[in-house]
Amino acid sequence: MNTSILLATTARILNQFRHDRRTVALMVLMPSLLLILLRFVFNSDQAFSRAAPALLAVFPFAIMFIVTSITTLRERTTATLERLMTMPIAKLDLLFGYALAFGIVALVQVLVAVGISLSWLGLEIGGSVWLLVVIAGLDALLGTALGLFASAFARTEFQAVQFMPLFVMPQVLLCGLFAPRESMTPVLEWLSNVMPLSYAVDALTAVTTSSDITGELVRNLAIVAACGLLALVLGAVTLRRRTP
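Taking an unreviewed UniProt entry as the reference, the protein chain is identified by name as Transport permease protein belonging to Lentzea alba. The annotation that UniProt attaches to the protein chain under Sequence similarities (unreviewed entry) is "Belongs to the ABC-2 integral membrane protein family."

This is the structure in structure tokens:
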């Protein structure tokens, strides 16, 4: 990879965000607004504190997947990628440049969501606030990486949105948000064990309930990070210049 090209790609995407305030507002504010809504639905600090760790994983993950997949597809359908790939630029430079740009926005998104949850919504955690931010940020980056990967298989923005039930919803349903994973049938438990969102939820739950940094917590973080990196590499392999 070429660092200067990677950073140039990142700067170009961030400059585009400056002129698309609605997209930035969607990415940064939507998880916080959903958390505020659910806080009033639960109407209890204790109930919200039980559900919030999983939601801090699910909301950024889902929103970054949608926005990233659609944005990357638009770059391809408008021939932007085709023009860029006629230059001496590697696919990994493009994909990691996109990931870094979206990752910066994702970090702001997570900081806002965690700050509102802790200061206003009554979320109580037993561990480190910064570790909570790191885990939620990794999960948002995972959504970004999967969105970049999924965009290679879509021909229209409508198709990109349709990939959400394939890449996102099964992980949301099986991550332990609605039922403990160990209580699921063996097949569903096995599926949950191969889905990275499950490990992000487990890590966030561990941080909110305990201040101990255990080997299991480190393992869960490593799995989430490795899955995000793998998605970026696969995205580079499957990246096309343009949509037929």
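Chemist: Talk me through the overall build of the protein chain; I want residue IDs and the actual numbers.
Modeler: Looking only at helices and strands, the protein chain has 12 helices and 0 strands in total. Each helix (α) and strand (β) of the protein chain, taken in turn from the N terminus, gives the series α-α-α-α-α-α-α-α-α-α-α-α. Computed over the C-alpha atoms, the radius of gyration of the protein chain is 18 Å, within 12% of the 18 Å expected from 2.2 N^0.38 for a compact globule of 244 residues. C-alpha extents for the protein chain along the principal axes are approximately 55 × 40 × 35 Å. Classification of the 244 residues of the protein chain by burial places 49% in the buried group. At a minimum sequence separation of 6, the contacts of the protein chain that also span at least 24 residues come to 80%. As displayed, the protein chain offers around 11,700 Å² of accessible surface, 67% of which is attributable to carbon and sulfur atoms. The distance from the centre of the 16 positive side-chain charges to the centre of the 13 negative ones in the protein chain is 15 Å.

Chemist: If you had to explain the side chain of Thr 10 to someone new, which residues and values would you point to?
Modeler: As for its placement among the helices and strands, Thr 10 is situated in helix H1 (residues 3-18). Residue classification places Thr 10 among the buried positions, given a relative accessible area of 4%. What Thr 10 contacts, discounting residues up to four positions off in sequence, is Gly 97, Leu 100, Ala 101 and Ile 104.

Chemist: Can you tell me about the side chain of Ser 198, naming the residues and giving the values?
Modeler: Mapped onto the elements of the fold, Ser 198 is located in helix H11 (residues 196-209). Excluding residues within four positions of it along the chain, Ser 198 makes contact with Leu 174, Cys 175, Arg 181 and Ser 192.

Chemist: Explain the packing of H1 against helix H5 (residues 91-119) to me, using residue names and the numbers behind them.
Modeler: Orientation of H1 relative to H5, taken along the N-to-C sense of each, is 45 degrees, at an axis distance of 8 Å. In terms of axis orientation, H1 runs oblique to H5. In this structure, H1 crosses over H5, and the sense of that crossing is right-handed. Side by side, H1 and H5 meet where Ile 5, Leu 6, Leu 7, Thr 9, Thr 10, Arg 12, Ile 13, Leu 14 and Phe 17 of the first sit next to Asp 93, Leu 94, Phe 96, Gly 97, Tyr 98, Leu 100, Ala 101, Phe 102, Ile 104 and Val 105 of the second.

Chemist: Account for the state of the cysteines, with residues named and values stated.
Modeler: Across all of its chains, the model carries 0 disulfides by this definition. Here Cys 175 is not disulfide-linked; the sulfur of Cys 227 is the nearest cysteine sulfur, at 14 Å. Judged by relative accessible area, which is 1%, Cys 175 ranks as buried.

Chemist: Mind laying out the pattern of salt bridges, listing which residues take part and the relevant values?
Modeler: Applying the stated criterion to the full structure yields 1 salt bridge. Its salt-bridge partner being Asp 202, residue Arg 181 comes within 2.4 Å of it at the nearest N-O pair. One end of the pair, Arg 181, is in the loop between helix H9 (169-174) and helix H10 (186-193); the other, Asp 202, is in helix H11, and 21 residues separate them in sequence. Look at Arg 181 and you get buried, because its relative accessible area is 12%.

Chemist: I'd like a description of the UniProt feature "transmembrane region" (unreviewed entry) in the protein chain, backed by residues and values.
Modeler: Following the UniProt record, the feature "transmembrane region" (unreviewed entry) maps to residues 24-42, 54-73, 94-123, 129-153, 160-179 and 221-239 here. In the segment residues 160-179, helix accounts for 65% and strand for 0%; the C-alpha atoms at its two ends are 29 Å apart.

Chemist: Mind laying out the packing of aromatic side chains, listing which residues take part and the relevant values?
Modeler: Going through the model one piece at a time under the given rule, you end up with 4 aromatic pairs. One aromatic cluster is present, formed by Phe 65, Phe 149, Phe 163 and Phe 167 through successive ring pairs. We note Arg 181 situated over the ring of Tyr 199; from NZ or CZ to the ring centre the distance is 5.8 Å.

Chemist: An account of a nonpolar patch on the surface is requested, with residue identities and associated values reported.
Modeler: Where nonpolar side chains cluster on the molecular surface, the patch consists of Leu 92, Leu 229, Val 233 and Val 237 and spans about 320 Å² of accessible area. Residue contributions to the nonpolar patch peak at 3 residues, all from helix H12 (residues 215-238). Relative to the helices and strands, Val 233 resides in helix H12.

Chemist: Break down H11 for me, citing the residues and quoting the values.
Modeler: With 14 residues, H11 ought to run about 20 Å at 1.5 Å a step, and its terminal C-alpha atoms sit 20 Å apart, in line with that. Looking only at H11, the buried set comprises Pro 196, Leu 197, Ser 198, Tyr 199, Ala 200, Val 201, Ala 203, Leu 204, Val 207 and Thr 208. Each element contacted by the buried residues of H11 is listed here: helix H3 (45-77), helix H6 (129-150), H9, H10 and H12.

Cut-off values and rules
Counting of residues starts from 1 at the beginning of each chain's written sequence and follows it residue by residue. The predicted nature of this model means local features are confined to residues of pLDDT at least 70 and side-chain atom pairs, given and counted, to a pLDDT of 80 or more, with totals for whole chains, interfaces and linings taken over all residues. The side-chain values count all of the structure's non-hydrogen atoms but skip hydrogen atoms and water molecules. UniProt positions are given in the numbering used here, feature names are shortened, and annotations may be inferred rather than shown by experiment. Going along the chain from the N terminus, every DSSP run of H or I of four or more residues is numbered as a helix, and every run of E of two or more is numbered as a strand. The reference for a compact globule is 2.2 Å times residues^0.38; the radius of gyration itself is calculated from the C-alpha atoms. Buried, partly exposed and exposed residues are distinguished by accessible area as a fraction of the type maximum, computed with a 1.4 Å probe on protein chains only: under 20%, between the cut-offs, and over 50%, respectively. The contact criterion used is simple: two residues touch if any of their non-hydrogen atoms lie within 4.5 Å. Each accessible area is a Shrake-Rupley result for a 1.4 Å probe, and residues are judged covered by the shown protein chains and nothing else. We treat Lys and Arg as the positive residues and Asp and Glu as the negative residues; His and chain ends play no part in the count. We put the charge of a Lys on NZ, of an Arg on CZ, of an Asp on CG and of a Glu on CD. Axis definition: a line fitted to C-alpha atoms, limited for helices to the stretch in contact. Angles are taken between N-to-C directions and run from 0 to 180 degrees. Orientation labels follow simple angle bins: below 35 degrees gives roughly parallel, above 145 gives roughly antiparallel, 65 to 115 gives roughly perpendicular, and whatever is left gives oblique. In a left-handed crossing the near helix is turned counterclockwise from the far helix by less than a right angle, and in a right-handed crossing that turn is clockwise. Here, the term disulfide refers to a pair of cysteine sulfur atoms separated by no more than 2.5 Å. Salt bridges are defined as contacts in which a side-chain nitrogen from Lys or Arg sits within 4 Å of a carboxyl oxygen from Asp or Glu. Only centres within 6.5 Å qualify two rings of Phe, Tyr or Trp (six-membered ring in Trp) as a pair; their planes then separate them into stacked at under 30 degrees, edge-to-face at over 60, and tilted for everything else. Put simply, a charge is over a ring when the Lys NZ or the Arg CZ is close to the ring centre, within 6 Å, and near the line of the ring normal, within 35 degrees. Only residues whose relative accessible area exceeds 30% and that form no salt bridge are eligible for patches; like-charged ones are grouped when within 9 Å, while nonpolar side chains (Val, Leu, Ile, Met, Phe, Trp, Tyr) are grouped when within 5 Å. Given a helix with a known number of residues, its expected span is that number minus one, times 1.5 Å.

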